[in-house]
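# Coordinate inspection notes
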Protein chains: 2
Amino acid sequence: MSEHKILLDHGSGGMASQELISSLFLKHLDNPILRGLEDSAILENQQGRLAFSTDSYVVDPIFFPGGDIGKLAVHGTINDLAMRGAKPICLSLGLILEEGMDIEDLEKIIISISEASKTSGVPIVTGDTKVVPRGKGDKIFINTSGIGVVADGIDISSLNAKAEDNVILSGTMGDHGITIMTRRAGISMEGKLESDTMALHNMVATLLKELPEDIHTMRDPTRGGVATSLNEIAANSKLSIEIKEEDLPVTPEVRTACEILGLEPLYLANEGKCLVVVSEAATARALEIMHSCPEGKDAQIIGKLKNGKPGRVVINTPIGGSRVVTPLHGEPLPRIC
Amino acid sequence: MSEHKILLDHGSGGMASQELISSLFLKHLDNPILRGLEDSAILENQQGRLAFSTDSYVVDPIFFPGGDIGKLAVHGTINDLAMRGAKPICLSLGLILEEGMDIEDLEKIIISISEASKTSGVPIVTGDTKVVPRGKGDKIFINTSGIGVVADGIDISSLNAKAEDNVILSGTMGDHGITIMTRRAGISMEGKLESDTMALHNMVATLLKELPEDIHTMRDPTRGGVATSLNEIAANSKLSIEIKEEDLPVTPEVRTACEILGLEPLYLANEGKCLVVVSEAATARALEIMHSCPEGKDAQIIGKLKNGKPGRVVINTPIGGSRVVTPLHGEPLPRIC
């Protein structure tokens, strides 16, 4: 690029927009569908049930240990599709750039999007770029929307959780939330703190291939954390959920950071984890399958659906106590994703 | 709502987000698919070719004569789908709100989205809301993505324009652009200046039903205006386009405003107009059909595709002169849509 900063011109729809598209977006994201640069992408020969999802990403900082806003935007929408049992087939990419943004940073993010898209096997097929004047945005906001195909016989929904189903969490809690939080607060911790941003659709596909009827509900506990997702599942299924405090997987680094900052890992955002609600009979096999995938190597059972008070989530502590886990109240940290 | 301003909490994914969803979004946008509030929407029984499009809207001001950012966001993505010959079936809605935004304004916009969605027959099926701190956004940015179905035999693309095809413009030029521009500049004009924001999919469906093989290309000349869209068609089809200055439809109000401000209507944004490239043989019938639709009542032929210099757009003036029409350089006004 001849310019090193984003100008208002880059959002004009004219020559500067075209230059940005060809020198940056097509360079890294090229594929036959995107290349057409028409008003919309055409996807041939789709059939059956589709999943459709959208998410905007406004995370601050845009680069963080373990990832950046681009990677997050690709993985996040892929995961939203996977949580309904869909195989993601394509994504859209909508950028809102702030005038003055470093084009070098933008290119880093586009390369990261390209890598995440290629690794996941889900192409970006259509896009849009707007530029807002300095001080009316914050570097870059990204919207990704996505389409997935849901195989016949698959019906994953929070309405479908049943009493005596087990709740499996695919890995440790809070890694993304605490990474953004300590980064923003300028706190440096010993050990390795990094975002868990990761696409989960391959593990989900493996699970559903073998256990299409036993997996009842899936949720990725992003904003609001595991506590809020469990409350949604309990409310929608009209059941209660009991979890055991000692079964909740948390890395020592996240635990230490939470103790210092007075935070509860149950409410921290995750960007590469899912809750899987599975029949009692298939639980052992589901765990085996998850352990065989890198995305689920630390999966463990954290709780059980019960015919208790509808919508209530209860945590049992190691010393025999129990307390109600409410959904997130208030905002511990804005712009976590 | 108990609060009258958007708070960071509203973007937390927790209780305040839920309150916003139920008291505002579901209240106005409710439909069986959206109501599920799952990670993605499920669309049953789709078949064939799909169109997929995304657009972010950052228009300033958010309310303007003839519409608002919500209406624009619904119509804009419907039109992007229609320009590929698709029947739009659903939209997603991604909101980025600035802390401190008036909830009353947000509700007005959601009502406007609801009305535009109902009038167009295209439901909002999935959504997402983020909140950024004061000064890191500007009231509201909206992303809409959409899915459409393309009937067999329809192949609309800027690659398909042929020599001797005519170019029809569905109505007057520049209404949206000049409305936003004068509004922002605080200029008040005599007569009626208002945005042309309008959904074009019904007119397009009528055209394609009768003339499926004669309509070769469609484009909605939004940012960059008619001039930029014509250049894209000429470049992609490797043909030239000749237009006649006296055939370009402009209202007297827009003409006067352009003269005062020194602007060229060919470069101004339109939000309810399309360019239709149609075979010579079917042109008269296409015009008739367009004139029978409210969206196309002022449609007229503005030019012709020629075997001239590939990619060149030439305008012939009433006094016998001619000049090359380049795509938009620079940005006459940011945040036009």
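Computed from a prediction, not measured in an experiment: that's the story for all the values here.

## With respect to helix α9 (residues 283–291) of chain A
Residue and element names in this part refer to chain A. All of the buried residues along α9 are T283, A286, L287, I289 and M290. Axial view of α9: buried residues confined to an arc of 160 degrees, hence all on one face. The inward-facing, buried residues of α9 contact β7 (166–169), α6 (201–210), β10 (275–278) and β11 (300–306).

## Brief notes about the sheet that holds β11 of chain A
All names here are of chain A. Judged by pairing direction, the sheet is mixed, and its 7 strands sit side by side in the order β8-β10-β7-β11-β9-β12-β13 without closing on themselves. Two strands bound the open sheet, and with one partner strand each, they are β8 (215–219) and β13 (322–324). On average, each strand axis in the sheet is inclined to that of its neighbour by 25 degrees, with strand direction left out of account. Pairing of strand β9 (residues 240–244) with strand β12 (residues 313–316) involves 4 bridges; the strand directions are parallel. Paired with I243 across the strands is I315, a residue of β12.

## Quick look at the relation of the copies chain B and chain A
Superposing chain B onto chain A takes a rotation of 180 degrees combined with a translation of 0.0 Å along the rotation axis, leaving an RMSD of 0.0 Å. In the structure described here, the two chain copies are related by an operation that fits a two-fold rotation axis. Most of the interface of chain B is mirrored in chain A, where 100% of its interface residues again form contacts.

## Some details on the side chain of T54 of chain B
By the secondary structure assignment, T54 of chain B is in strand β1 (residues 41–57). Engagement of the side chain of T54 of chain B in a polar contact is seen with the side chain of S145 of chain B, the distance being 2.8 Å. Among residues more than four places away in sequence, those in contact with T54 of chain B are S92, L93, G94, T126, G127, D128 and N143 of chain A together with N143, T144 and S145 of chain B.

## Considerations on the nonpolar core
Here is a general trend for soluble globular proteins: nonpolar side chains tend to be buried in one another's company. Within the largest apolar cluster, 70 residues are counted, with the highest numbers of intra-cluster contacts made by L106, I140 and L266 of chain B. It is helix α4 (residues 103–120) of chain B that provides the largest number of residues to this core, a total of 6 residues. Two domains each donate at least three residues to this core, and these are domain 1 (8–150) and domain 2 (158–324) of chain B. Core analysis: the next-biggest nonpolar cluster, separate from the first, contains 68 residues, I109, V131, V254 and A257 of chain A among them.

## With respect to a nonpolar patch on the surface
Residue and element names in this part refer to chain B. On the surface, a cluster of nonpolar side chains totalling about 240 Å² of accessible area is made up of I187, I260 and L261. Residue position: I187 is located in the loop between α5 (175–185) and α6 (201–210). Using a relative accessible area of 30% as the deciding quantity, one classes I187 as partly exposed.

## Description of unusual backbone geometry
That bond from D60 of chain A to P61 of chain A is cis: its omega, 5 degrees, falls within 30 degrees of zero. For P61 of chain A, the position within the fold is in the loop between β1 (41–57) and β2 (63–64).

What counts and how
- Residues numbered from 1 in each chain as written.
- Chains lettered and ligands numbered in written order.
- Predicted model: local features only at pLDDT ≥ 70, side-chain atom pairs only at ≥ 80, totals over all residues.
- Heavy atoms only, no water.
- Buried < 20%, exposed > 50% of the residue type's maximum accessible area, 1.4 Å probe, protein only.
- Helix = DSSP H or I, 4+ residues; strand = E, 2+ residues; numbered from the N terminus.
- Arc of directions from axis to C-beta.
- Contact = heavy atoms within 4.5 Å.
- Pairing = 2+ DSSP bridges.
- Axes fitted to C-alpha atoms, helices over the stretch in contact; angles between N-to-C directions.
- Least-squares fit on C-alpha atoms with pLDDT ≥ 70 in both.
- Polar contact = N/O pair within 3.5 Å; in protein donor to acceptor, adjacent residues only side chain to side chain.
- Core = buried A, V, L, I, M, F, W, Y, C linked by side-chain atoms within 4.5 Å.
- Domains from an automatic or database assignment.
- Patch = residues over 30% accessible without salt bridge, like charges linked within 9 Å, V, L, I, M, F, W, Y side chains within 5 Å.
- Areas by Shrake-Rupley, 256 points an atom, 1.4 Å probe, with all protein chains shown as cover.
- Salt bridge = Lys/Arg side-chain N within 4 Å of Asp/Glu carboxyl O.

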